[in-house]
Protein chains: 2
Amino acid sequence: MSIDIGGTSTKLAIVGQQGVILEKSTLMTSAFKDEHTYFNSLFESIYTLLSMHNGQYKVNGIGLGAPSCNPIEGTIDGAANLPFPQKVEIARVLETEFDLPVYLIKDGNASALGEGLFGAAQNMDNYMVITLGTGLGCGIVSNKKIVSGNNGQAGEIGHSVIKRNGRECGCGKNGCLETYVSATGIKRTLFKLLTFSVAENSFKNIPFNEVSPKMIYEAAKIGNPIALKAFEQTGQILGEKLSELVAIFEPEAIFLAGGLSEAGTFLFDPVIAHMEHSLLDIYKGKIQVLPSSLKTNEAALLGAASLVWQNQNIKETCQL
Amino acid sequence: MSIDIGGTSTKLAIVGQQGVILEKSTLMTSAFKDEHTYFNSLFESIYTLLSMHNGQYKVNGIGLGAPSCNPIEGTIDGAANLPFPQKVEIARVLETEFDLPVYLIKDGNASALGEGLFGAAQNMDNYMVITLGTGLGCGIVSNKKIVSGNNGQAGEIGHSVIKRNGRECGCGKNGCLETYVSATGIKRTLFKLLTFSVAENSFKNIPFNEVSPKMIYEAAKIGNPIALKAFEQTGQILGEKLSELVAIFEPEAIFLAGGLSEAGTFLFDPVIAHMEHSLLDIYKGKIQVLPSSLKTNEAALLGAASLVWQNQNIKETCQL
């Protein structure tokens, strides 16, 4: 079984070893105000999944992808976009409740594992996955291994500061990349652009909290100039950041995943143009920027699930 | 045998398999204006070394660390700080002249290999080496392997842009990290600070081209306020950049190497203070910033030499 905890939603799945999602459910993370009510609902969702197919699925453990987690301690701590900013011993809590081993991994790393095991990165030794959801997650694979860091806490690119004294971030700092490049980042950009313009615009009639990235995408499709500009600016910032990451890692490909990546060319065109413009000559034209080859959110669920097989030596192919 | 080509000097050595430098020489790279005269002198230096100890050293190959190189093609191309900015097939050139196999590696990666094989990183799985010479080089080790990228061209952190429309860089871009943080970077900062101040300062009597990082260090030691401020500003920029790199890699330690790192606390204090200030809470107080444990430049020479043993299976311990 695998769980992918995100700022907007928590995805759960029973996953077969061929990377097939057998059962699936979703919980709206953002609907909860505190740890207690969130965990009650999470438990309920897990029990529901476990009981499906008449409870016949043989579940060997829970692979859990989450932001700001410490896989060694089994904790989530200081998550900017979750209803529990304080430290939670999530592995212990779930193990106690369900009597199943729990394997924790950073959300971005889970996506990178999923893409490498079951997606378009199966034959790649060096690649990156950038997940554009409520925040910006990242998973890096070098020499066919996840760059996990000394305590599994590598990959916090979303909190690299791109603008000193820039936008407030949930992490307590200012100007973090994810305050500009993420589902919420593009919304902030859109509303900032609205304040510049005197022209009438449909978004002037919708409250901030009701705007979704999908609405911005739909508006861009029918030529809304502010929506188009929001994608252009978001793509520029991401493209310039990617050019830096290329200089650090020289990956074969960079995959963009998560809700915002579904905007297709509205996002990819400026990302690629600005990345190429900023790249050192030696890298120009050599780095692929691709959409995740897996369905939205499935990469993280599959990657997290693979931890169970890997840790229990259930399946050889669960190693990259 | 190993060679470490830097913007200021080219270091050469005959290296024993225990990581002992048996013979050593240096060539001033910056004294040459073109490829032709540089290579003539390089050849001469190599012949001199090979003939030492009555020509009795058994040399199995040449390990070559260089900036802007492509280890797969065996070329150096577009090196911002070398007397040959155009592409040079350096591996082929040396192989032809000396009838020895030549193994190429990025200079920063050579330093990282050296530190891991013979220095303080011997028991570390995840660490970084930043070399502060004419430019800024970088070698990253993740999961005990060099992060070399798809074509061995990873690690160009020196050319990540930290200031849009900032200082001109030899690479053709503006605002690259190494235009601020390197031996030449701190000199540029020092002279910029001089232009702000009306106070008399000893550096107002010395031409730009005659100031070395060692002179800035000596001036800082006797309290020269501009020299002290140059270190503070350089350390701040590097410290903030390191905080980003920590968020990406979560290394156990970051080693600072190269001439500028010999300034000790003048550099390390502001680097560590600004890095810690900018770090996400989860990393604070956990990342060591250390001087290279090897003599200046030896890390790169040892790392480059290890390529010969590694490629010829001469020595088991040459793998990290």
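Throughout what follows, the structure given in this document is the object of discussion. (Residues numbered from 1 in each chain as written. Chains lettered and ligands numbered in written order. Predicted model: local features only at pLDDT ≥ 70, side-chain atom pairs only at ≥ 80, totals over all residues. Heavy atoms only, no water.)

A separate point is the packing of aromatic side chains. The geometry of an aromatic ring pair is captured by the separation of the ring centres together with the interplanar angle, meaning the angle of the planes. Here the structure, examined in full by the defined rule, presents 25 aromatic pairs over all chains. Here Phe39 of chain A and Phe84 of chain A contribute two aromatic rings whose centre-to-centre distance is 5.3 Å and whose plane-to-plane angle is 35°, an arrangement assigned as tilted. Note that Phe39 of chain A is positioned in helix α1 (residues 35-50) and Phe84 of chain A in the loop between β6 (75-76) and α3 (90-98), a separation of 45 residues in sequence. By relative accessible area, Phe39 of chain A is classed as buried at 6%. We classify Phe84 of chain A as buried; its relative accessible area is 0%. Arranged with centres 5.9 Å apart and planes meeting at 70°, the rings of Tyr217 of chain B and Phe266 of chain B form a pair that is edge-to-face. On the criterion of sequence distance, the pair formed by Tyr217 of chain B in helix α5 (residues 213-221) and Phe266 of chain B in helix α7 (residues 265-278) is long-range, its members being 49 residues apart. Phe266 of chain B gets classed as partly exposed once you look at its relative accessible area, which sits at 24%. Ring-pair connections join several aromatic residues into one group, and the members of that group are Phe32, Tyr38, Phe39, Phe43, Tyr47, Phe84 and Phe98 of chain A. Seen from the ring of Phe208 of chain B, Lys187 of chain B lies directly overhead, with NZ or CZ sitting 4.7 Å from the centre. (Phe/Tyr/Trp six-rings, centres within 6.5 Å; stacked < 30°, edge-to-face > 60°. Helix = DSSP H or I, 4+ residues; strand = E, 2+ residues; numbered from the N terminus. Buried < 20%, exposed > 50% of the residue type's maximum accessible area, 1.4 Å probe, protein only. Lys NZ or Arg CZ within 6 Å of the ring centre and 35° of its normal.)

Here the focus is the interface of chain A and chain B. Contact with chain A, which involves 39 residues of that partner, is made by 39 residues of chain B. Between chain A and chain B, a total of about 3200 Å² is buried, with carbon and sulfur atoms accounting for 48% of that surface. For the interface between chain A and chain B, the tally reads 4 salt bridges. With its nearest N and O atoms 3.0 Å apart, the salt bridge here joins Lys241 of chain B to Glu244 of chain A. Across the chain A-chain B interface, the total number found is 24 residue pairs in polar contact (both at pLDDT 80 or more). Broken down by secondary-structure element, the contributors of at least two residues to the side of chain A that touches chain B are β9 (136-142), β10 (145-146) and α7 (225-249) of chain A. Residue contributions to the side of chain A that touches chain B peak at 8 residues, all from α7 of chain A. Across the side of chain A that touches chain B, the residue classes break down as 15 nonpolar, 14 polar and 10 charged. (Contact = heavy atoms within 4.5 Å. Buried area = accessible area lost by both parts, 1.4 Å probe. Salt bridge = Lys/Arg side-chain N within 4 Å of Asp/Glu carboxyl O. Polar contact = N/O pair within 3.5 Å; in protein donor to acceptor, adjacent residues only side chain to side chain. Nonpolar A, V, L, I, M, F, W, Y, C, P; charged D, E, K, R; others polar.)

In this section: the packing of α1 of chain A against α3 of chain A. Residues and elements named next belong to chain A. Running from N to C, α1 and α3 point in directions that differ by 45°, and their axes come no closer than 12 Å. In terms of axis orientation, α1 runs oblique to α3. Classified by chirality, the crossing of α3 by α1 is right-handed. Together, Phe39, Leu42, Phe43, Ile46, Tyr47 and Leu50 of α1 and Ile90, Val93, Leu94, Glu97 and Phe98 of α3 make up the contact between the two elements. Residue composition of the contact of α1 with α3, grouped by class: 10 nonpolar, no polar and 1 charged. (Axes fitted to C-alpha atoms, helices over the stretch in contact; angles between N-to-C directions. Parallel < 35°, antiparallel > 145°, perpendicular 65-115°, else oblique. Left-handed = near helix turned anticlockwise from the far one by under 90°.)

Glancing now at the relation of the copies chain A and chain B. Overlay of chain A on chain B (RMSD 0.0 Å): rotation 180°, translation along the axis 0.0 Å. A rotation of that kind, with that shift, is consistent with a two-fold axis. Considering only C-alpha atoms, the residue of chain A closest to the rotation axis is Ser142 of chain A, which sits at 3.8 Å. (Least-squares fit on C-alpha atoms with pLDDT ≥ 70 in both.)

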